[in-house]
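Each chain is listed here by its residues.
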Amino acid sequence: MIKFLLKGLWRDKSRSRLPILIVSLGVMLTVWLHAYITGFMGDTIEMNARFSHGHVKVMTRAYAEDMNQLPNDLAITGADSLLAALKTSYPGMEWAPRIQFGGLVDAPDNMGETRAQGPALGLGIDLLSPGSREDERLNLSRSLVRGRMPDQAGEALLSDEFAVKLGVNPGDDVTLIGSTMNGSMAMYNFTIAGTLSFGASIMDRGTLVADLQDVRAALDMHDAAGEILGFSKSGFYEDGDSREMALTFNANPGNEGDEYAPLMKSLSQQGNMGQYVNITSTWSQYISLIFILAMSLVLWNAGLLGGLRRYGEIGIRLAMGEEKGHVYRSMLIESVFIGLAGSVLGTIFGLFLAYLIQKYGINISGMMQGASVMFPSSIRARITPVDFYIGFIPGLISTVLGTMLSGIGIYKRQTARLFKELEA
Amino acid sequence: METTNNIISIRGLYKRFPMGKDEFTALHDINLSFGTGEFAGLIGPSGSGKTTLLNIIGSLDVPTQGEAIVLGRSIGKLSPRESARLRKESLGFIFQSYNLLAVHTVYENVEFPLLLLNYTESERQKMVLDALEWVGLSPKIKSKPPQLSGGECQRVAIARAMVKKPRLVLADEPTANLDAANSHHILQTMEKLNRELKTTFIFATHDEKVISYLKRRIYLLDGRVDNEELTEAI
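Scope of this entry: the structure provided in the associated data block.

Parameters at a glance
Residues numbered from 1 in each chain as written. Chains lettered and ligands numbered in written order. Predicted model: local features only at pLDDT ≥ 70, side-chain atom pairs only at ≥ 80, totals over all residues. Heavy atoms only, no water. Helix = DSSP H or I, 4+ residues; strand = E, 2+ residues; numbered from the N terminus. Buried < 20%, exposed > 50% of the residue type's maximum accessible area, 1.4 Å probe, protein only. Contact = heavy atoms within 4.5 Å. Areas by Shrake-Rupley, 256 points an atom, 1.4 Å probe, with all protein chains shown as cover. Lys, Arg positive; Asp, Glu negative; His and termini not counted. Charge placed at Lys NZ, Arg CZ, Asp CG, Glu CD. Pairing = 2+ DSSP bridges. Axes fitted to C-alpha atoms, helices over the stretch in contact; angles between N-to-C directions. Buried area = accessible area lost by both parts, 1.4 Å probe. Salt bridge = Lys/Arg side-chain N within 4 Å of Asp/Glu carboxyl O. Polar contact = N/O pair within 3.5 Å; in protein donor to acceptor, adjacent residues only side chain to side chain. Patch = residues over 30% accessible without salt bridge, like charges linked within 9 Å, V, L, I, M, F, W, Y side chains within 5 Å. Left-handed = near helix turned anticlockwise from the far one by under 90°. Nonpolar A, V, L, I, M, F, W, Y, C, P; charged D, E, K, R; others polar.

### Brief notes about the overall build of chain B
Line of reasoning, step 1. Counting secondary structure elements, chain B contains seven helices and 10 strands.
Line of reasoning, step 2. Its C-alpha atoms put chain B at 50 × 40 × 40 Å along the principal axes.
Line of reasoning, step 3. When the 234 residues of chain B are sorted by exposure, 57% land in the buried category.
Line of reasoning, step 4. A separation threshold of at least 6 residues defines the contact pool for chain B, and within that pool the share at least 24 residues apart is 68%.
Line of reasoning, step 5. Carbon and sulfur atoms form 47% of the exposed surface of chain B, whose accessible area is close to 10,000 Å².
Line of reasoning, step 6. Charge centroids of chain B, computed over 29 positive and 28 negative side chains, lie 5 Å from each other.

### What to know about the pairing of strand β7 (residues 173-179) of chain A
Residue and element names in this part refer to chain A.
Line of reasoning, step 1. Across the seven residues that make up β7, a large majority, five, are buried.
Line of reasoning, step 2. Examined bridge by bridge, strand β3 (residues 93-108) and β7 share three bridges and lie antiparallel to one another. Paired with V105 across the bridge in β7 is L176.
Line of reasoning, step 3. Taken together, the seven bridges between β7 and strand β8 (residues 185-196) define a ladder with antiparallel strand orientation. Each residue of the ladder has a partner; that of T175, found in β8, is N189.

### Examining the sheet that holds strand β7 (residues 168-172) of chain B
Residue and element names in this part refer to chain B.
Line of reasoning, step 1. If you walk across this open sheet you meet the six strands as β6-β7-β8-β3-β9-β10, and the pairing is mixed. Of all the strands in the sheet, the pair left with one neighbour each is β6 (91-94) and β10 (224-230). Adjacent strand axes in the sheet meet at a mean angle of 15 degrees, parallel and antiparallel pairs treated alike.
Line of reasoning, step 2. Contacts from helix α5 (residues 150-162) reach β6, β7 and β8 (200-205) within the one sheet, and its direction differs from that of β6 by about 170 degrees.
Line of reasoning, step 3. Set on the sheet, helix α6 (residues 180-197) makes contact with β3 (39-43), β6 and β8; between it and β8 the angle comes to about 150 degrees.

### Quick notes on the interface of chain A and chain B
Line of reasoning, step 1. In this complex, chain A contributes 21 residues to the contact, which on the side of chain B involves 25 residues.
Line of reasoning, step 2. Note on chain A versus chain B: buried area summed over both sides is about 2,400 Å², and carbon and sulfur give 64% of it.
Line of reasoning, step 3. Joining chain A to chain B, the criterion identifies three salt bridges.
Line of reasoning, step 4. One salt bridge connects A:E323 with B:R81, and the closest N-O pair in it is separated by 3.2 Å.
Line of reasoning, step 5. Linking chain A with chain B are five residue pairs in polar contact (both at pLDDT 80 or more), by the criterion used here.

### Considerations on unusual backbone geometry
Residues and elements named next belong to chain B.
Line of reasoning, step 1. The phi dihedral of D29 is positive, around 40 degrees, even though this residue is not glycine.
Line of reasoning, step 2. Here D29 lies in strand β2 (residues 22-35).
Line of reasoning, step 3. Unlike most non-glycine residues, D222 shows phi in positive territory, near 50 degrees.
Line of reasoning, step 4. When you line up the elements, D222 lands in the loop between β9 (216-221) and β10.
Line of reasoning, step 5. We classify D222 as exposed; its relative accessible area is 56%.

### Things to note about a nonpolar patch on the surface
Residues and elements named next belong to chain A.
Line of reasoning, step 1. There is a patch of nonpolar side chains on the surface, built from L297, W300, I393, I397, L401, M404, L405 and I408 and spanning about 660 Å² of accessible area.
Line of reasoning, step 2. Counting only elements with at least two residues in the nonpolar patch, the list comes to α11 (273-308) and α14 (392-412).
Line of reasoning, step 3. In terms of residue count, α14 provides more of the nonpolar patch than any other element does, six residues in total.
Line of reasoning, step 4. Turning to its location among the elements, I397 is positioned in helix α14.
Line of reasoning, step 5. A residue is classified by how much of its surface remains accessible, and I397, at 48% relative accessible area, is partly exposed.

### Observations concerning the sheet that holds strand β1 (residues 6-19) of chain B
The strands making up a sheet associate through backbone hydrogen bonding, with each pair oriented either parallel or antiparallel.
Residues and elements named next belong to chain B.
Line of reasoning, step 1. The sheet built from four strands is open, its strands ordered β2-β1-β4-β5 with antiparallel pairing. Every interior strand has two partners, whereas the edge strands, β2 and β5 (73-74), have only one.
Line of reasoning, step 2. Along the sheet, helix α1 (residues 50-57) contacts β1, β2 and β4 (65-70); its crossing angle with β1, the most-contacted strand, is approximately 120 degrees.

### A short note on the packing of helix α2 (residues 17-53) of chain A against helix α13 (residues 324-360) of chain A
Residues and elements named next belong to chain A.
Line of reasoning, step 1. For the pair α2 and α13, interaxial distance at closest approach is 7 Å and the crossing angle is 35 degrees. Pair α2 / α13 crosses with right-handed handedness.
Line of reasoning, step 2. Looking at the contact of α2 with α13, its residues break down into 18 nonpolar, seven polar and no charged.

### Observations regarding a negative patch on the surface
Line of reasoning, step 1. On the surface, a cluster of negative charge is contributed by A:E65, A:D66, A:D258 and A:E259.
Line of reasoning, step 2. Relative to the helices and strands, A:D66 is located in the loop between α3 (61-65) and β2 (76-77).

### Examining the pattern of salt bridges
Residue and element names in this part refer to chain A.
Line of reasoning, step 1. Scanning the model with the defined rule gives 27 salt bridges over all chains in all.
Line of reasoning, step 2. With a shortest N-O distance of 2.8 Å, R133 and E136 are connected by a salt bridge.
Line of reasoning, step 3. In this structure, D151 and R148 form a salt bridge, with 3.4 Å as the shortest nitrogen-oxygen distance.
Line of reasoning, step 4. On the basis of relative accessible area, D151 is assigned to the exposed category, the value being 53%.
Line of reasoning, step 5. Overall, R148 belongs to the partly exposed group, its relative accessible area being 36%.
Line of reasoning, step 6. By sharing partners, the salt bridges in this structure join E94, R98, R133, E134, E136 and R137 into a single network.

### Remarks on the environment of A:D160
Residues and elements named next belong to chain A.
Line of reasoning, step 1. The topology assignment puts D160 in helix α7 (residues 160-166).
Line of reasoning, step 2. You can call D160 buried: its relative accessible area is 16%.
Line of reasoning, step 3. On a C-alpha basis, the gap between D160 and P130 in space is 26 Å, while along the polypeptide they are 30 residues apart.

Dropping the structure here:
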């Protein structure tokens, strides 16, 4: 009997391949969209993480209190040994010491007199150490507009819009005027190696990026760093893990009362980022939920119609003496098979599509010109464990529910009526 | 007509259907008996109640009042499982529109009732081939219904109804979709099976061709037995 039913299922495309195809498509869209939404929402968080917040950030307790002021006088001293300790204690993380600072960039004329001047947001990062991933993390090489990346001490990058405003070209010298860690006036000369476009006005208005060692020298911050950013090697921010890590790190009782003791904060514990992480998570859940519900309704209907259009066949089987319960059970088994096959196929294809977008991303930098907020120039999907089973909600459950509902008609209708419909 | 070898006995049978707040009485006080090996027909225009009566005899429906005893079982008192069992073991159905399973071959369509009865594969094979030989369709065992003519489809349906050698075959307008030549062929096939296997055939029809073959004609009008005639001693 099972062989007979399977033969029928396989030969009748409208009962097997077509429903499997519909379920696969629905599941594929569900999986892909969920990964895409997760990635899209996560990318904005990742952008903020890469530029300023890290997945976790280590600072002195005093620095953390006025973090928005970038108080480098409260920076971590002995940063290199702390960095080494962090690398040992947290092998699953990549650590990046940075100094953020403010200052004036002065462009001189041929005589060495000030020709143009403008306020700059400075970023000291590890550009020159072998194996440093800061260039890749901040997407600097690909953001070059003119010139090249710094390859020796004393070279820096300027945002292109700022360089144009100052009349500075690659190869020109500029002077950074700022204040040292100790509050003295600092002046330091850089040769501009290249100019950058970040794709966000807030950065393009006036940013100077230089090697960490140069910035340390310029601001008299030897073996110091304003902050040490930690990035998960998976490349994705996990709020729970980061909070847990910060909690463990900060639990050292010996640090209480020492305002220069290191303090770790997860991204969501910095400024308004917590609110943003919550909103992102909530919205991505809402969007996914709405889509899953919509897809569930579609597949539910497909299951329902699939059952209803088989009234003729059901009538024949009942007339031949097959019991209603047997007919109903065989319909459910078929729908489980179809739902399962469609869900597995759809999940595989959905994950494949999501993987491509996770790996290569979709470049939207053209649409982000002039944006006043930091926004990623490339949208990537993000595959999470949920994507491996989320498609089974519409794919399997809805299909089976639809069939169950249509199958109830077998019980509700009198056999004679089902039988009569054969003649219709 | 009452005989000692009755397989169907209907007494004071009424069938009423709800129609809004009222009821429509499809069958009024039917009293009939059918014996083994009859070739009988319920004849009447549309709405006369012949299909309703056939459905009750086939345990697809139940009487509202009165009694219909088929092969010793009272139709109104059977559970759905017992009704299914009666149909599975003892009844064969032939429909106006054949109602074959389009994706299955002729062989598989005829085999289906035997699968429900759990015959072994070798038993099934013999019985199916025999049934197809009765109806002259042995060369078509691998064909599928869409590849057959209307007459061939109806012959497959007869083979399917007959394969388990049921005691009773119920045929509802079996020639309605067939031309005259095919109708006669089908009816001759059924007449032969009736004669050779002693299977009881009951038709619901208003087709003159079918009526001409019937040995017993029961005329229904407005849900009542209007007249009854025999063309041959039973």
